[in-house]
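In case you want the letters, here they are:
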Amino acid sequence: MLTLRGGAPRRGDSLSKLGVLADGAVLVRDGRIAAVGPRAQIEAHKEARQAEKLDVGGRAVLPGFVDSHTHLVHAANRAEEYELKIQGASYEEIARKGGGILNSVKKLRAATAEALKARARVALEEFASHGTTTVEAKSGYGLDVASELKILRLHQDLQREQPLEIVSTFLGAHVVPAEFRGKLDGAERYIALLLEQMLPEIVNEGLAEFCDVFCDRGAFTRAQAQRILSEAQEHGLAPRLHAEQLSRTGATQLGVALGAASCDHLEQVNAADIRALAKSKTVATLLPGCDFYLGWQDYAPARKLIEAGAVVALATDYNPGTSPTVSMPMILSLACSELRMTPAEAIVAATINAAYALKREKHLGSLEPGKQADLAVFEVEDYREIPYYFGMQRCWMTMKKGEIIYVRD
Ligand SMILES: [Zn+2]
């Protein structure tokens, strides 16, 4: 049993501390952890006598994964672009041909809320089957008032209707939508729409907790990101950023200056960005699924970030264009093989540090009394086997708030 006890955020050496119990047990009451410790001690607990006992047969138990960066709600896959990319078309060429994010926007606007919800629910069941119990979800494939609200309201419906916890993020600043492109002041006019019409409605309905901006070449500039996030912050939405993925824009240092919850991607960070992150509470969220899937061999400098003292987290970036996976175990394999993180560091990055990136470290991310009973059970004898196997389904059971939400037959 990996308890991950010991607080958050984790930096440097504390990123390797899993709090391992060789023969552990957890006592659950009303969806929360009442006690955790060596099995003999928990079995002797007075409440344990009336408790229902669940024996996981010596398998490895850890906190459910917290996936702190996903684009959950979208209308369709983009398998046709996958083939084009393999044949050599660049990300930006595909975008110029009306593919990429704008292709997803066109399909999402045309889709009914019911169809979008059905697709997201299937994905959420798949997240659960890979050991994930909490998922951050971004809007950003709507990019008009009605469609962005449609996505964010779906986050709220999904939160009510299925067991995984959904943390909602407004990403109206994903890209400038087609109808504003190539027009005088198009980006500025879209930002005005975002700030004057989308944001007040979202705040009014309480539809998002965070605001994100894709600050990069082909998306939004650092100055635009600053305006959007500052205004969102005034409305009570905490900032986070897509930073330094395709090019270095200075988004990371902007994120640190704004006290952003996280800066995500970070493939192009420089030494000053790494130092700024290391001195801050802003989480460096790495998304190696994108670099793997796009075949870029251009991974974020995880070792430098860890050695400098940054708070590192891992996420899937589940989305139809650049990272179509819900599998946190696969992300752990990539983190180990490509980012050179150890299995222990990768697990901490996908649980307690990811919970910290979503401001939920008091409730999620470790097995400690008072926290939610969110567990992932893996069909392995040693936790190192979780990243060791790749592209294989080794998750045996998933529990959310004390309820079994997935079990392998
Ligand atoms: Zn993303």
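For the structure itself, consult the block above.
Residues numbered from 1 in each chain as written. Predicted model: local features only at pLDDT ≥ 70, side-chain atom pairs only at ≥ 80, totals over all residues. Heavy atoms only, no water.

### Some thoughts on the sheet that holds strand 3 (residues 60-63)
Here's step 1: Overall, antiparallel pairing links the four strands, which are arranged 3-12-13-14 in an open sheet. This sheet does not close on itself; its edge strands, each paired only once, are strand 3 and strand 14 (403-407). Recorded for the sheet is a direction-independent mean angle of 20 degrees between the axes of neighbouring strands.
Here's step 2: Alignment of strand 12 (residues 375-378) against strand 13 (residues 395-400), held across four bridges, turns out to be antiparallel. Bridge pairing links Leu 375 to Met 399 in strand 13. (Pairing = 2+ DSSP bridges. Helix = DSSP H or I, 4+ residues; strand = E, 2+ residues; numbered from the N terminus. Axes fitted to C-alpha atoms, helices over the stretch in contact; angles between N-to-C directions.)

### Side note on the coordination of the zinc ion
Here's step 1: Bound to the zinc ion are the protein donor atoms His 69 (NE2), His 71 (NE2), His 242 (NE2) and Asp 317 (OD), situated 2.1 to 2.5 Å from the metal.
Here's step 2: Around the zinc ion, the four donor atoms are arranged such that angles at the metal cover 81 to 169 degrees; this shape is classified as irregular.
Here's step 3: All donors to the zinc ion come from one chain, and their sequence spacing reads H-x1-H-x170-H-x74-D. Remark: Asp 317 occurs in the loop between strand 11 (311-314) and helix 13 (328-337) and His 69 occurs in the loop between strand 4 (65-67) and helix 2 (79-86); sequence separation between them is 248 residues. Summarising the burial analysis for this pair, His 69 and Asp 317 share the class buried. (Donors = N, O, S within 2.8 Å, 3.2 Å for Na, K, Ca; no water. Tetrahedral: all angles 85-135°; square planar, octahedral: opposite > 155°, others 65-115°. Buried < 20%, exposed > 50% of the residue type's maximum accessible area, 1.4 Å probe, protein only.)

### A short note on the packing of helix 7 (residues 186-205) against helix 8 (residues 222-234)
Here's step 1: For the pair helix 7 and helix 8, interaxial distance at closest approach is 11 Å and the crossing angle is 10 degrees. Classified by the angle their axes make, helix 7 and helix 8 are roughly parallel. Where helix 7 abuts helix 8, its residues Ala 187, Glu 188, Ile 191, Leu 194, Leu 195 and Leu 199 lie against Gln 224, Arg 227, Ile 228, Glu 231 and Ala 232.
Here's step 2: Taken together, the residues of the contact of helix 7 with helix 8 sort by class into seven nonpolar, one polar and three charged. (Parallel < 35°, antiparallel > 145°, perpendicular 65-115°, else oblique. Contact = heavy atoms within 4.5 Å. Nonpolar A, V, L, I, M, F, W, Y, C, P; charged D, E, K, R; others polar.)

### A short note on the pattern of salt bridges
Here's step 1: What the rule picks out here adds up to 26 salt bridges.
Here's step 2: With a closest N to O distance of 2.9 Å, Glu 179 and Arg 109 form a salt bridge. Highlighted residues: Glu 179 in the loop between strand 6 (165-173) and helix 7 and Arg 109 in helix 4 (residues 100-110), separated in sequence by 70 residues.
Here's step 3: Owing to a relative accessible area of 34%, Glu 179 belongs among the partly exposed residues under this scheme. (Salt bridge = Lys/Arg side-chain N within 4 Å of Asp/Glu carboxyl O.)

### Some words on the side chain of Ser 139
Here's step 1: Tracing the chain through its elements places Ser 139 in the loop between strand 5 (132-138) and helix 6 (145-161).
Here's step 2: Under the relative-accessibility criterion, Ser 139 is labelled buried at 0%.
Here's step 3: Of note is the side chain of Ser 139, whose polar atom sits 2.5 Å from the side chain of Glu 148.
Here's step 4: A distance of 2.9 Å separates a polar atom in the side chain of Ser 139 from the backbone nitrogen of Leu 171.
Here's step 5: When neighbours within four sequence positions are excluded, Ser 139 is seen to be in contact with Glu 148, Ile 151, Leu 152, His 155, Thr 169, Phe 170, Leu 171 and Gly 172. (Polar contact = N/O pair within 3.5 Å; in protein donor to acceptor, adjacent residues only side chain to side chain.)

### With respect to the packing of aromatic side chains
Here's step 1: Within this structure, the stated rule accounts for six aromatic pairs.
Here's step 2: Summarising the aromatic geometry, the rings of Tyr 190 and Phe 220 are spaced 6.5 Å apart at their centres and angled 35 degrees between planes, so their arrangement reads as tilted. Separated by 30 residues along the polypeptide, Tyr 190 in helix 7 and Phe 220 in the loop between strand 7 (210-215) and helix 8 bring together distant segments of the chain. Across the pair, Phe 220 and Tyr 190 agree in class, each one buried.
Here's step 3: Between the aromatic rings of Tyr 388 and Tyr 389, the centroid separation amounts to 4.9 Å while the plane-to-plane angle is 75 degrees, which identifies the pairing as edge-to-face.
Here's step 4: Site record: aromatic cluster; members linked through ring pairs are Phe 180, Tyr 190 and Phe 220.
Here's step 5: The ring of Trp 396 is capped by Arg 59, whose NZ or CZ atom sits 3.8 Å from the centre of that ring. (Phe/Tyr/Trp six-rings, centres within 6.5 Å; stacked < 30°, edge-to-face > 60°. Lys NZ or Arg CZ within 6 Å of the ring centre and 35° of its normal.)

Interpretation note: all reported values are geometric properties and have no functional meaning in isolation.
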